[in-house]
Amino acid sequence: MQKKVDTIIIGAGMSGLAAGIRLSMYNKKVLIIEKHTITGGLNSYYARGKRKFDVGLHALTNFVGPSERGKPFNKLLKQLRIPYEEFKIHPQNYSMIQFPEKSLKFTNEIEYFIEEISRQFPAEIDGFMSLINHIKNFNEVDLSNETVMAKDVVANFIKNKSLIEMIFCPLLIYGSAWENDMDFSQFVIMFKSIFLEGFGRPEGGVRTIIDLLLKRLEVCGGEIQFKSEITRIITNNGKVTAVEINGKDIIECDSILSSMGLPETMSVVDQDLEYSPRVGNLSFTESILITDKKPRDLGIDATIIFYNNRPEYHYLKPQTLFDSESAVVCFPNNFLHDDFDEGVLRVTNIANFDLWNQELLLSRESYQEKKLDVYNQSLAILKKCGMSSEFSVNFKDIFTPTTIKRYTNHFGGTVYGSIDKSRNGSTPISGLYICGTDQGFLGIVGSMLSGISMANLHVLQGSL
Ligand SMILES: Cc1cc2nc3c(=O)[nH]c(=O)nc-3n(C[C@H](O)[C@H](O)[C@H](O)COP(=O)(O)OP(=O)(O)OC[C@H]3O[C@@H](n4cnc5c(N)ncnc54)[C@H](O)[C@@H]3O)c2cc1C
């Protein structure tokens, strides 16, 4: 007899795991289908020798204390029934937006950022305060919000172009599938999660989050099937009936929550549809350096530096393999708790998937050489961020957009998915819903919230 479950969840990344927990809590028979052998998706970890590395965690956004009920992070924990203390989360020291002419620091207290802006852009402080007010009163998660470009809205409050670019820089690189601008609702999500709430890191990094989610999933009775790729979504009269796995096995289901991406999901539906969501353009390279000295011993006490060496911030697919004129530089030792024995430095650049893919097809050797260029540029960027060069590198690893493609299956190696989001999770197929990146809540906290809210909205309706 063919296997049958209530809901199939595609992908054991953050959104899939959170959705799986939520549905199993309400006694739904749920099966998470994961292509790879491990959980976490974009937000995972790997080992090299005795060292373990996080992939997609620089910082957890939305940092708040346990008493701030109603804030996204605490809502998330409440929905998943995970106690705050178990996340063992510690705040950042401070972060910095470094442009050629000016630098702005911010902490998890918005007052610090306000003070910085009033000191460096005194003519703009009233506008900035009005913008904060507007943001605080805006309901960014209302699924019926119309798409409005954020730079147009912000220009009503702030006139200085350079300040606008500086404010947008961290918000774009930490959560926009669109080039150089974003939808205003997404801008508000990012502004609140980074400037009004802030950055934190769990002790033990991403493993702490994944272990907590897996433990909860097990307690609730949810299951994961690894090494299983969804190769077809089977429909009948415009409604899902089953999935095909690895080109052969069939599992029947009433509904599907897919975190594999909107274009990627639609590409495996067994029906011809006049609906082709666009593939996004943004992907990254990242250099990870393990050093004999910690950043503080090398003159850096910032947790994250958003480095940009041009008057404007170019958040777009570069014409070259990667853009060395801007980067996110993360120093995980510089959260208030440091659980590393060595220095850890991570330099992320915006990159061009097509060019890396061509390079890989051309020759493995030249691909490796180009990776070395990324590494050498990351050393130059660290220097430009003010770090002393008096250190030795104990270990280094570099990943490229083709690595991201291999591990996530995202077309074009995109990190933030398609530019066409499905904000309410619906697709033209009844019973097929999108969660995670292409529903539009991005990042670690965002993707978990997406899994929960799509499970609540589309599957648990009536059971809550
Ligand atoms: C370098 C980097 C740094 C980042 N830093 C941060 C950060 O500091 N803070 C932050 O909040 N976010 C960060 N992110 C983003 C964050 O990791 C992602 O937004 C989040 O993990 C997305 O989760 P998801 O569940 O939507 O999707 P994914 O993690 O992409 O999960 C999708 C899963 O589906 C599986 N899958 C795909 N296709 C199939 C198929 N056909 N069949 C079965 N399974 C399939 C994939 O293997 C994957 O496990 C970073 C990302 C990167 C790449």
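What counts as what
- Residues numbered from 1 in each chain as written.
- Predicted model: local features only at pLDDT ≥ 70, side-chain atom pairs only at ≥ 80, totals over all residues.
- Heavy atoms only, no water.
- Near = heavy atom within 4 Å.
- Polar contact = N/O pair within 3.5 Å; in protein donor to acceptor, adjacent residues only side chain to side chain.
- Areas by Shrake-Rupley, 256 points an atom, 1.4 Å probe, with all protein chains shown as cover.
- Helix = DSSP H or I, 4+ residues; strand = E, 2+ residues; numbered from the N terminus.
- Nonpolar A, V, L, I, M, F, W, Y, C, P; charged D, E, K, R; others polar.
- Domains from an automatic or database assignment.
- Axes fitted to C-alpha atoms, helices over the stretch in contact; angles between N-to-C directions.
- Parallel < 35°, antiparallel > 145°, perpendicular 65-115°, else oblique.
- Left-handed = near helix turned anticlockwise from the far one by under 90°.
- Contact = heavy atoms within 4.5 Å.
- Buried < 20%, exposed > 50% of the residue type's maximum accessible area, 1.4 Å probe, protein only.
- Phe/Tyr/Trp six-rings, centres within 6.5 Å; stacked < 30°, edge-to-face > 60°.
- Lys NZ or Arg CZ within 6 Å of the ring centre and 35° of its normal.
- Expected span 1.5 Å × (residues − 1).
- Pairing = 2+ DSSP bridges.

### What about the site of the ligand?
Link 1 in the chain: Close to the ligand lie 35 residues, the nearest being Ser-15, Glu-34, Leu-42, His-58 and Ile-444.
Link 2 in the chain: Residue His-58 places a main-chain N or O atom 2.7 Å away from an oxygen atom belonging to the ligand.
Link 3 in the chain: In isolation the ligand exposes 1000 Å². Once the protein is present, 99% of that is buried.
Link 4 in the chain: Of all the secondary structure elements, the ones that give two or more residues to the shell around the ligand are helix H1 (14-25), helix H12 (401-408) and helix H13 (443-459).
Link 5 in the chain: The dominant element in the shell around the ligand, judged by the number of residues it contributes, is H13, at 3 residues.
Link 6 in the chain: Counted by class, the shell around the ligand contains 13 nonpolar, 18 polar and 4 charged residues.
Link 7 in the chain: Split by domain, the shell around the ligand shows at least three residues from each of two domains, domain 1 (3-62 + 206-278 + 420-459) and domain 3 (281-408).

### Brief notes about the packing of H1 against H13
Link 1 in the chain: H13 packs onto H1 with a crossing angle of 40 degrees between their chain directions and a minimal axis gap of 7 Å. Judged by the angle between their axes, H1 and H13 are oblique. Considering only the axes of H1 and H13, their crossing is right-handed. Of the residues in H13, those in contact with Met-14, Ser-15, Ala-18, Ala-19, Arg-22 and Leu-23 of H1 are Ile-444, Ser-447, Met-448, Gly-451, Ile-452, Ala-455, Asn-456 and Val-459.

### Things to note about the packing of helix H2 (residues 72-80) against H13
Link 1 in the chain: With their axes 10 Å apart at the nearest point, H2 and H13 run at an angle of 50 degrees to one another. The orientation of H2 relative to H13 falls into the category oblique. Here the hand of the crossing between H2 and H13 comes out left-handed. Of the residues in H13, those in contact with Pro-72, Phe-73, Leu-76, Gln-79 and Leu-80 of H2 are Val-445, Met-448, Leu-449, Ile-452 and Asn-456.
Link 2 in the chain: Tallied by class, residues from the contact of H2 with H13 come to 8 nonpolar, 2 polar and no charged.

### Examining unusual backbone geometry
Link 1 in the chain: Despite not being glycine, Arg-81 shows a phi value in the positive range, around 55 degrees.
Link 2 in the chain: One can find Arg-81 in the loop between H2 and strand S5 (89-91).
Link 3 in the chain: Residue Arg-81 is classed as partly exposed on the basis of its relative accessible area of 47%.
Link 4 in the chain: Located in the positive-phi region is Lys-227, a residue other than glycine, with phi close to 50 degrees.
Link 5 in the chain: Note that Lys-227 resides in the loop between strand S9 (223-225) and strand S10 (230-236).
Link 6 in the chain: Judged by its relative accessible area of 59%, Lys-227 is exposed.

### Topic: the packing of aromatic side chains
Link 1 in the chain: Across all of its chains, the model carries 22 aromatic pairs by this definition.
Link 2 in the chain: Each ring, one from Phe-284 and one from Tyr-416, has its centre 5.9 Å from the other, and the planes form 80 degrees; the classification is edge-to-face. Residue Phe-284 is found in strand S13 (residues 283-291), and its partner Tyr-416 is found in the loop between H12 and strand S18 (432-434); the two are separated by 132 residues along the sequence. Tyr-416 shares its class with Phe-284; the two are buried.
Link 3 in the chain: Summarising the aromatic geometry, the rings of Trp-356 and Tyr-367 are spaced 5.7 Å apart at their centres and angled 85 degrees between planes, so their arrangement reads as edge-to-face. In this pair, Trp-356 is assigned in helix H10 (residues 353-362) and Tyr-367 in helix H11 (residues 364-384), connecting sequence segments 11 residues apart.
Link 4 in the chain: Take Trp-356: its relative accessible area is 0%, and that puts it in the buried class.
Link 5 in the chain: Accessibility expressed as a relative area gives 3% for Tyr-367, which makes it buried.
Link 6 in the chain: Three or more aromatic residues link up through ring pairs in this structure, and these residues are Phe-106, Phe-113, Phe-128, Phe-138, Phe-168, Tyr-174, Phe-184, Phe-187, Phe-191, Phe-195, Phe-199 and Phe-306.
Link 7 in the chain: The ring of Tyr-94 carries Lys-105 above its face, with NZ or CZ at 4.6 Å from the centroid.
Link 8 in the chain: Sitting above the plane of the Tyr-375 ring, Lys-396 keeps its charged end 4.9 Å from the centroid.

### Let's talk about H1
Link 1 in the chain: The end-to-end C-alpha distance of H1 is 17 Å, a good match for the 16 Å that 12 residues give at a rise of 1.5 Å each.
Link 2 in the chain: In terms of residue burial, H1 counts as a mostly covered element, since 12 of its 12 residues are buried.
Link 3 in the chain: Inspection of H1 places Met-14, Ser-15, Gly-16, Leu-17, Ala-18, Ala-19, Gly-20, Ile-21, Arg-22, Leu-23, Ser-24 and Met-25 among the buried residues, and these make up the whole buried set.
Link 4 in the chain: Asn-27 sits one or two positions beyond H1 and adopts a positive phi of about 60 degrees.

### Here we look at the pairing of strand S6 (residues 95-98)
Link 1 in the chain: Side chains Ser-95 and Ile-97 of S6 all project onto a buried face; the interleaved residues Met-96 and Gln-98 project onto the opposite face, where all are buried too.
Link 2 in the chain: Inspection of the sheet shows S6 paired to strand S14 (residues 304-308) by 4 bridges, in the parallel sense. Bridge pairing in S14 links Met-96 to Ile-305.

### Describing the sheet that holds strand S7 (residues 103-106)
Link 1 in the chain: With mixed pairing, 7 strands are arranged side by side in an open sheet as S7-S6-S14-S15-S16-S13-S17. The strands lining the two open edges of the sheet, one partner per strand, are S7 and strand S17 (393-399). Each strand of the sheet is rotated relative to its neighbour by a mean of 15 degrees, with strand direction disregarded.

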